[in-house]
Amino acid sequence: MAFDLESLSEATSGALGALVSTTILYPLDTCKTKYQAEVSSHHQQKYRRISDVLWEAISNNQVLSLFQGLGTKSLQSFISQFVYFYGYSFFKRLYLEKSGSRTIGTKANLIIAAAAGACTVIITQPLDTASSRMQTSAFGKSKGLWKTLSVGTWEEAFDGLGISLLLTSNPSIQYTVFDQLKLRLLKGKLRNKTGTESSPEALSAFSAFVLGAVSKCIATSLTYPAIRCKVMLQAAESDEDGKTNKDQPRKTVSGAIYSIWKKEGILGFFKGLGAQILKTVLSSALLLMIKEKITKTTWVTMLALRRYLIVNRTRLKGA
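The present account deals with the structure reproduced in this document. What you see is a predicted model, and the numbers here were worked out from it, not measured in a lab.

**Regarding the overall build of the chain**
Move 1: Each helix and strand counted, the chain has 11 helices and 0 strands in total.
Move 2: Mapped from its N terminus to its C terminus, the chain presents α and β elements in the order α-α-α-α-α-α-α-α-α-α-α.
Move 3: Counting the 319 residues in the chain, one finds 39% classified as buried.
Move 4: With the model as given, the accessible surface of the chain reaches about 18,600 Å², and the carbon-plus-sulfur share is 63%.

**Some details on the packing of helix α3 (residues 70–99) against helix α4 (residues 106–136)**
Move 1: One can describe the packing of α3 onto α4 by two numbers: an axis separation of 8 Å at closest approach and a directional angle of 165°. Of the possible angle classes, the one that applies to α3 and α4 is roughly antiparallel. Crossing angle aside, the handedness with which α3 passes α4 is right-handed.
Move 2: Residues belonging to the contact of α3 with α4 are distributed by class as follows: 17 nonpolar, 9 polar and 3 charged.

**Things to note about the nonpolar core**
Move 1: Core analysis: the biggest nonpolar cluster contains 14 residues, and Ile163, Leu167, Cys229, Met232 and Ile260 have the highest contact counts within it.
Move 2: Listed by contribution, the elements that provide at least two residues to this core are α9 (205–234), α10 (253–264) and α11 (273–318).
Move 3: Sorting elements by how many residues they give to this core places α9 first, with 6 residues.
Move 4: Not counting residues up to four positions away in its chain, the partners in contact with Ile260 are Val39, Arg228, Cys229, Met232, Gly265, Gly268 and Phe269.
Move 5: Membership of the second largest hydrophobic core comes to 7 residues, among which are Tyr47, Ala57, Leu66 and Phe139.

**Notes on α10**
Move 1: Over its 12 residues, α10 runs 16 Å from end to end, which matches the ideal 16 Å to within 8%, given 1.5 Å per residue.
Move 2: Regarding α10, the residues found buried are Ala256, Ser259, Ile260 and Glu264. Taken around the axis of α10, the buried residues stretch over an arc of 95°, which confines them to a single face. In this structure, α10 carries Ser254, Tyr258, Trp261 and Lys262 as exposed residues pointing more than 90 degrees from its buried face.
Move 3: Backbone geometry just after α10 places Gly265 at a positive phi near 75°.

**Observations concerning the packing of aromatic side chains**
In this description, a pair of aromatic rings is defined by centroid distance and the angle of the planes.
Move 1: Taken as a whole and assessed by the stated rule, the structure comprises 5 aromatic pairs.
Move 2: An angle of 5° between the planes, with centres 6.3 Å apart, marks the rings of Phe82 and Tyr86 as stacked. Within this pair, Phe82 and its partner Tyr86 are both found in helix α3, separated by 4 residues, close to a single helical turn.
Move 3: We classify Tyr86 as partly exposed; its relative accessible area is 26%.
Move 4: Look at Tyr86 and Phe90: their rings are 6.3 Å apart centre to centre, the planes differ by 5°, and that puts the pair in the stacked class. Of this pair, Tyr86 and Phe90 both sit in helix α3, 4 residues apart, which is roughly one turn of the helix.
Move 5: Judged by relative accessible area, Phe90 falls into the partly exposed class, the value being 34%.
Move 6: Here a set of aromatic residues connected by ring pairs shows up, and it is made of Phe82, Tyr86, Phe90 and Phe91.
Move 7: Across the ring face of Phe139, the terminal group of Lys34 is positioned such that the distance to the ring centre comes to 4.7 Å.

**As for α3**
Move 1: When the terminal C-alpha atoms of α3 are compared, their 42 Å separation across 30 residues agrees well with the 44 Å that a helix rising 1.5 Å per residue should span.
Move 2: Among the residues making up α3, those that are buried are Thr72, Lys73, Ser74, Gln76, Ser77, Ser80, Phe85, Gly87, Tyr88 and Ser89.
Move 3: Following α3 by one or two positions, Gly100 adopts a phi angle in the positive range, close to 80°.

**A closer look at the environment of Gly144**
Move 1: For Gly144, the position within the fold is in the loop between α4 and α5 (145–150).
Move 2: With relative accessibility at 38%, the residue Gly144 sits in the partly exposed group.
Move 3: With 73 residues separating them along the chain, Gly144 and Gly71 place their C-alpha atoms 9.3 Å apart.

**Remarks on the pattern of salt bridges**
Move 1: With the rule as written, the count across this model stands at 9 salt bridges.
Move 2: Notably, a salt bridge pairs Arg228 with Glu264, separated by 2.9 Å at the nearest N-O pair. Note that Arg228 is positioned in helix α9 and Glu264 in helix α10, a separation of 36 residues in sequence. The same class applies to Arg228 and to Glu264, which are both buried.

**Observations concerning a nonpolar patch on the surface**
Move 1: On the surface, a nonpolar cluster with roughly 590 Å² of combined accessible area is contributed by Phe206, Phe209, Val210, Val214, Ile218 and Leu222.
Move 2: Note that Val214 resides in helix α9.

**Topic: the environment of Thr124**
Move 1: Here Thr124 is to be found in helix α4.
Move 2: Residue class for Thr124 comes out buried when judged on its relative accessible area of 4%.
Move 3: For Thr124 and Val83, which are 41 residues apart along the polypeptide, the C-alpha to C-alpha distance reads 9.3 Å.
Move 4: Setting aside anything within four residues of it in sequence, one finds Thr124 in contact with Gln76, Ile79 and Ser80.
Move 5: Within the structure, the side chain of Thr124 is placed 2.8 Å from the backbone oxygen of Thr120, a separation counted as a polar contact.

About the criteria used
The residue numbering used here restarts from 1 in each chain and proceeds along that chain's sequence as written. For a predicted model such as this one, the threshold for reporting local features is a pLDDT of at least 70, and the threshold for listing and counting side-chain atom pairs is 80 or more; totals across whole chains, interfaces and linings nevertheless cover every residue. Hydrogens are left out, water is left out, and the side-chain values use all remaining heavy atoms of the structure. Per the convention used, a helix needs a DSSP run of H or I reaching at least four residues, while a strand needs a run of E reaching at least two, with both numbered from the N terminus. Exposed residues in this analysis have more than 50% of their type's maximum accessible area, buried residues have under 20%, and partly exposed residues fall in between, with area computed by a 1.4 Å probe over protein chains only. Accessibility throughout is a Shrake-Rupley quantity obtained with a 1.4 Å probe, and a residue counts as covered only by protein chains that appear here. To get an axis, a line is fitted to the C-alpha atoms, and for a helix only the part in contact is used. The angle between two axes follows their N-to-C directions and goes from 0 to 180 degrees. Oblique is the label for every angle not falling under 35 degrees (roughly parallel), over 145 degrees (roughly antiparallel), or within 65 to 115 degrees (roughly perpendicular). Take the far helix as your reference; a near helix turned counterclockwise from it by less than a right angle gives a left-handed crossing, and one turned clockwise gives a right-handed crossing. Residues are sorted three ways: Asp, Glu, Lys and Arg are charged, Ala, Val, Leu, Ile, Met, Phe, Trp, Tyr, Cys and Pro are nonpolar, and all the rest, Gly among them, are polar. In these notes, a set of buried Ala, Val, Leu, Ile, Met, Phe, Trp, Tyr and Cys residues joined through side-chain atoms within 4.5 Å is what counts as a nonpolar core. What makes two residues a contact is simply this: any of their non-hydrogen atoms within 4.5 Å. By this rule the span expected of a helix is its residue count minus one, scaled by 1.5 Å. Directions are taken from the helix axis to each C-beta atom, and the arc is the one they span. In this analysis, rings of Phe, Tyr and Trp, with Trp reduced to its six-membered ring, are considered paired at centre separations within 6.5 Å, and the interplanar angle assigns stacked below 30 degrees, edge-to-face beyond 60, and tilted for intermediate values. In this scheme, the term charge over a ring applies when either NZ of a lysine or CZ of an arginine sits within 6 Å of the ring centre and within 35 degrees of the ring normal. Any Lys or Arg side-chain nitrogen found within 4 Å of a carboxyl oxygen on Asp or Glu counts as a salt bridge. The patch calculation keeps residues exceeding 30% relative accessible area without a salt bridge and links them within 9 Å when they carry like charges or within 5 Å when they are nonpolar (Val, Leu, Ile, Met, Phe, Trp, Tyr). Polar contact is the term for a pair of N or O atoms within 3.5 Å; when the atoms are in protein, one must be able to donate a hydrogen and the other to accept it, and sequence-neighboring residues count only if both atoms are side-chain atoms.

Any functional reading would require information that these geometric values do not contain.
Structure representation (structure tokens):
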């Protein structure tokens, strides 16, 4: 085959799942991002809680502005998930072929996932920056994709790339925490058992779900200060002071950290954490649920398409 059909099917299913989950959760994502992007002293805060962003949109008759940048975000989600799932499936198959193993270990799995994540981040970073700028623009004043990116240089389109690459470690943290919690839980069950020997224990579906959610929350909490700094680096500049983007100094990671520390204190690094966890958990659950539902259909469609192309090619050669 000229291409890996299994990887292509996985990538397409994941991309479609990401597209649907992004659209459903986009208003929550916009409120979360605008709330995270604001850095100011407590008495000067425009948004004291995330719900204030929603009420601002409603009171100004700008409810539809909660969807500003949806097209760009959907495009970014589709491409990023397609690249990730294709890269992950491709690297996994390559590893199994080269190693001669039938299964893949946890460490190798994490390395492959990180490699696929890094490739995804590099390719989609400009779209990620543009969508963040659109979401953090004043309601009703968001620009299109090309105008948003053309405001600054191409170098600025990759703002937050280093942090994005750092955040590819999130799954590694999640799986490490999950394994440690699983080990402690199973040890506790084994202590309660009588007899010298017992069969290997496995987690129940409910226990696995709970530990998965807890480990994801812990991983998100540990990496959240980096997430907050990334949003600040990519956020659109406020028009309230009359300055344009060109008049503003270049944003840096150290500048974002100093600004949060000076104006909001150490708790400022975790501003919006609850909304981030809620959005992350719901997004992951929706994406995987939709992906699992359409994977078989996608696979059948790919096979039918390949058969159609082969038949047509044969007919053209015979003509």
